[in-house]
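Residue-level structural notes
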Amino acid sequence: MFEQEIAQKLKIDGVEQSEIAALLEVPKDASMGDLALPCFRLSKLLKKSPAQIANELAPLFDGCAFLESAQTAGGYLNFKFNREEVAKKLIETNAQGEKFASSNEGADKTICIDYSSINIAKPFHIGHLSTTVIGGALCRIFQKLGYKTVGINHLGDWGTQFGKLIVAFKKWGDRAEIEKEGVLALNKIYVKFHKEAERDPSLEDEARAYFKKIEDGDAEAMELFHWFKEITLKEVEKIYDKLKIKFDSYAGESFYNDKMQCVIDILEQKRLLTLDDGAKIVKLDEFGMPPCLIVKADGATLYATRDLAAAYYRKKEYDFYKCLYVVAYQQNLHFRQLFKVLELMEFSGAKDMEHIAFGMVSLEDGAMSTRGGRIVRLSDVLDKAVEKALKIIKEKNPQAQNATQIAQSVGVGAVIFSALFNNRIKDIVFSFDKVLNFDGETAPYLQYTHARCRSLLKKGGEPDLDKVDFSAISDDEGYQTVKAVLAFPDAVKFAAQTREPCVVSRAIIDVAEKFNRFYISHRIADAAENERAARLLLAKAVAQTIKIGLGLLGIDAPEAM
């Protein structure tokens, strides 16, 4: 806010305007001002003391309309903004509508984001929550900044487990039951296979034989393989719809089966492969890592081989600017190895690959667990959150219209926000009571604040811009709220830079908290005409900012609650 205007006035020989803008910082002590220029890094260049530089630069701002003052303090030049001039920026903010906080910095740049990556024929569980909502939020944040994003669900759809599943289906499965119960039924017979295989090891041989049939394109085996995928995707799409998740590609492991040999050939040509007990590996000792296994002694390829092939394919297909992998931190070593091997292969996109690691999600109690307490289905978590939200809404507002629809938005939003409020690397213990709190740092709190603002605008009407008295929102509570709103675009940019959706979450929590302090201290919809116009202008900006922020996270902003 006003950084560029300040940088333009600070014409310093040998220093670019962008460099000056980058030096500006927010003082830790708010009483010192809204923005400060530390002059210490300029001292060597200008051959003057920081204090002397600050004193010489201060007069450049005499009579500056957007500043209340520009004062020196040691080696700092501190700027206090004119609060009413700052508040006037809300008019521009509101005029931008849904485009507020948008930019075109990512024009003509494509970012591939590999996330969620579910396993075929296995339940979509609570452990998939973080990768799914972090990846979805990053897609929307980058899109907001003008990037083209390619959301990729790298399906776990290959391996001997599919041979096991075919054996299990042929021995104990019922097609009608599986069509009805979906993945739960598939998981049930898969678990049964392992129990029976302990008593009869020959089942493992049958499974390997059936997987070989899949590899060879056997008609019956392929029909079952594709049916298992269809059953799984049909079920998970319902969850993705609730979470507002869309993918551009479902190219999973099986997609890269005919693309791995090219990668192996490159490794051979560059003499990176070493034979080790019949297996082909890339030694990474000098980089402090164990070897990366490329081909097993029996000729089978691995997850790493397919990931190498996927990297080459994505670069050729999308010419990505960045390729991000939203995968739990347990896979840190895998990605370090992957990226190092790509670098050794002189892959053109090697420096543009990033592992976006995150922590684990667990529940406070085991009441939600299914099938003996080992799997907590995400659909169950979402359903229970919606059920609890509906109960709370009916208690708080028995006359609420569209209560079921609102509960869906609140319940699902609460679950999403629980995974996006803290830094992604932090482990999360999920608590229904905490995430559905209307008074804490939660999605319901944000949704309720948005609905409160919309209610004020419905009662007070659209603000008349010809009658705005900006002094009515220039006191401490109003000014802090205005600044929080105007800081939002920078928060979106910083969230993209750091790959941290929680920056957006905390930015809109800050807006909501500061507006609610303002709301408690001031009359709004029934204030005097000029004051009402200004305060409704602020309420409109707050509602817009919260709605945009929630939207970036994949959360609804109900008009009423």
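Not measured: the values here are computed from a predicted model.

On to the sheet that holds strand S1 (residues 35–38). Spatial ordering of the open sheet is given by S1-S3-S2, a layout of three strands whose pairing is antiparallel. At either margin of the open sheet sits one strand with a lone partner, and together these are S1 and strand S2 (67–73). Each adjacent strand pair in this sheet contributes to an overall mean axis angle of 15 degrees, direction not counted. Sheet analysis places S2 next to strand S3 (residues 76–81), joined by six bridges and oriented antiparallel.

Helices that pack against each other are described as a pair by the angle of their axes relative to one another and the distance between those axes. Taken N-terminus to C-terminus, the directions of helix H16 (residues 403–420) and helix H18 (residues 443–460) make an angle of 130 degrees; their axes are 8 Å apart at the nearest point. By the angle between their directions, the pair H16 and H18 is classed as oblique. Packed against H16, whose contacting residues are Ser409, Val410, Gly413, Ala414 and Phe417, the element H18 presents Ala443, Pro444, Leu446 and Gln447 at the interface. Of the residues assigned to the contact of H16 with H18, the class counts are six nonpolar, three polar and no charged.

A word on the nonpolar core. If you look at the biggest cluster of nonpolar residues, it comprises 163 residues, and the most contacted ones within it are Phe79 and Phe488. Of all the elements, helix H22 (residues 529–553) adds the most residues to this core, at 14 residues. Ignoring anything within four residues of it in the chain, the contact list for phenylalanine 79 reads Ile6, Leu24, Gly33, Asp34, Leu35, Ala36, Leu37, Phe61, Leu67, Ser69 and Ala70. Judged by nonpolar contacts, the second largest core, of 34 residues, contains Leu284, Ala304, Phe320 and Val341.

A separate point is the side chain of threonine 232. Structurally, threonine 232 is set in helix H11 (residues 219–242). Of the polar contacts made by the side chain of threonine 232, one reaches the backbone oxygen of phenylalanine 228; its length is 2.8 Å. Excluding residues within four positions of it along the chain, threonine 232 makes contact with Ile118, Asn119, Ile120, Ala121 and Val183.

Across the sheet, four strands lie side by side as S5-S4-S9-S10; this open sheet has parallel pairing. Among the strands making up the open sheet, the edge pair consists of strand S5 (148–152) and strand S10 (353–356). Taking each pair of neighbouring strands and ignoring which way they run, the sheet shows an average axis angle of 20 degrees. The pairing of strand S4 (residues 110–114) with S5 spans five bridges and is parallel. Bridged to threonine 110 within S5 is lysine 148.

Moving on, we get to H11. Side chains three or four residues apart in an α-helix point the same way, a direct result of the helix having 3.6 residues per turn. Relative to the 34 Å expected for 24 residues at 1.5 Å per residue, H11 spans 35 Å between its end C-alpha atoms, a close match to the ideal helical length. For H11, the complete set of buried residues consists of Ala221, Leu224, Phe225, Trp227, Phe228, Lys229, Ile231, Thr232, Val236, Ile239 and Tyr240. The secondary structure elements touched by the buried residues of H11 are helix H6 (129–144), helix H7 (161–172), helix H8 (175–181), helix H9 (183–199), helix H10 (202–216) and helix H15 (378–396). If you check the start of H11, you find a side-chain oxygen 3.2 Å away from the backbone N of glutamate 220, and it comes from aspartate 218. Lysine 244 sits one or two residues past H11 and shows a positive phi near 60 degrees.

All right, on to the environment of alanine 443 then. With respect to the secondary-structure elements, alanine 443 resides in helix H18. Alanine 443 sits in the buried class, given a relative accessible area of 1%. In sequence terms alanine 443 and glycine 478 are 35 residues apart; their C-alpha atoms lie 23 Å from each other.

What follows concerns helix H19 (residues 476–486). The set of residues buried in H19 consists of Gly478, Tyr479, Thr481, Val482, Ala484, Val485 and Leu486. On its buried side, H19 packs onto S3, helix H5 (83–96), helix H20 (488–498), helix H21 (502–521) and H22.

Side-chain direction in a regular strand flips from residue to residue, so the side chains alternate between the two faces of the sheet. With five of its five residues buried, strand S9 (residues 322–326) lies for the most part within the structure. A two-sided burial pattern is seen for S9, the buried positions comprising Lys322, Leu324 and Val326 on one face and Cys323 and Tyr325 on the other. Judged from the four bridges that link them, S4 and S9 form a sheet pairing that is parallel. Paired with cysteine 112 across the two strands is cysteine 323, which belongs to S9. Pairing between S9 and S10: four bridges, direction parallel. Along S10, the bridge assignment pairs valine 326 with isoleucine 356. Each parallel crossover has a hand, and for S9 linked through helix H14 (residues 332–344) to S10 it is right-handed.

Bridge analysis of strand S6 (residues 273–276) against strand S7 (residues 279–282) gives four bridges, and the strand direction is antiparallel. By the bridge assignment for S7, leucine 273 is matched with valine 282. Where S7 lies against strand S8 (residues 292–295), three bridges are found, and the strand directions are antiparallel. Counterpart to isoleucine 281 in the pairing with S8 is leucine 293.

Scored by pLDDT, the chain has a mean of 92; 98% of the residues are at 70 or more. Per-residue pLDDT stays below 50 along residues 366–373; that stretch engages in 13 contacts with residues further than four places along the chain or on separate chains.

What follows concerns the packing of aromatic side chains. For the coordinates displayed, the defined rule picks out 27 aromatic pairs. Here the aromatic rings of tryptophan 158 and phenylalanine 211 are separated by 5.0 Å at their centres, their planes lie at 70 degrees, and the arrangement is edge-to-face. Taken together, the residues span a long stretch of sequence, with tryptophan 158 in the loop between S5 and H7 and phenylalanine 211 in helix H10 at a distance of 53 residues. On the accessibility criterion, tryptophan 158 (13% relative accessible area) is buried. By relative accessible area, phenylalanine 211 is classed as buried at 8%. Here tryptophan 158 and phenylalanine 225 contribute two aromatic rings whose centre-to-centre distance is 5.9 Å and whose plane-to-plane angle is 85 degrees, an arrangement assigned as edge-to-face. Of this pair, tryptophan 158 sits in the loop between S5 and H7 while phenylalanine 225 sits in helix H11, and the two are 67 residues apart along the sequence. One aromatic cluster is present, formed by Tyr115, Phe124, Tyr240, Phe247 and Tyr250 through successive ring pairs. Sitting over the face of the ring of phenylalanine 255, lysine 259 holds its NZ or CZ atom 3.9 Å from the ring centroid. Note that lysine 322 overlies the ring of tyrosine 321, its terminal NZ or CZ placed 5.5 Å from the centroid.

The rules behind these values
Residues numbered from 1 in each chain as written. Predicted model: local features only at pLDDT ≥ 70, side-chain atom pairs only at ≥ 80, totals over all residues. Heavy atoms only, no water. Pairing = 2+ DSSP bridges. Helix = DSSP H or I, 4+ residues; strand = E, 2+ residues; numbered from the N terminus. Axes fitted to C-alpha atoms, helices over the stretch in contact; angles between N-to-C directions. Parallel < 35°, antiparallel > 145°, perpendicular 65-115°, else oblique. Contact = heavy atoms within 4.5 Å. Nonpolar A, V, L, I, M, F, W, Y, C, P; charged D, E, K, R; others polar. Core = buried A, V, L, I, M, F, W, Y, C linked by side-chain atoms within 4.5 Å. Buried < 20%, exposed > 50% of the residue type's maximum accessible area, 1.4 Å probe, protein only. Polar contact = N/O pair within 3.5 Å; in protein donor to acceptor, adjacent residues only side chain to side chain. Expected span 1.5 Å × (residues − 1). Right-handed = clockwise from strand over helix to strand, strands pointing away. pLDDT = per-residue confidence, 0-100. Phe/Tyr/Trp six-rings, centres within 6.5 Å; stacked < 30°, edge-to-face > 60°. Lys NZ or Arg CZ within 6 Å of the ring centre and 35° of its normal.

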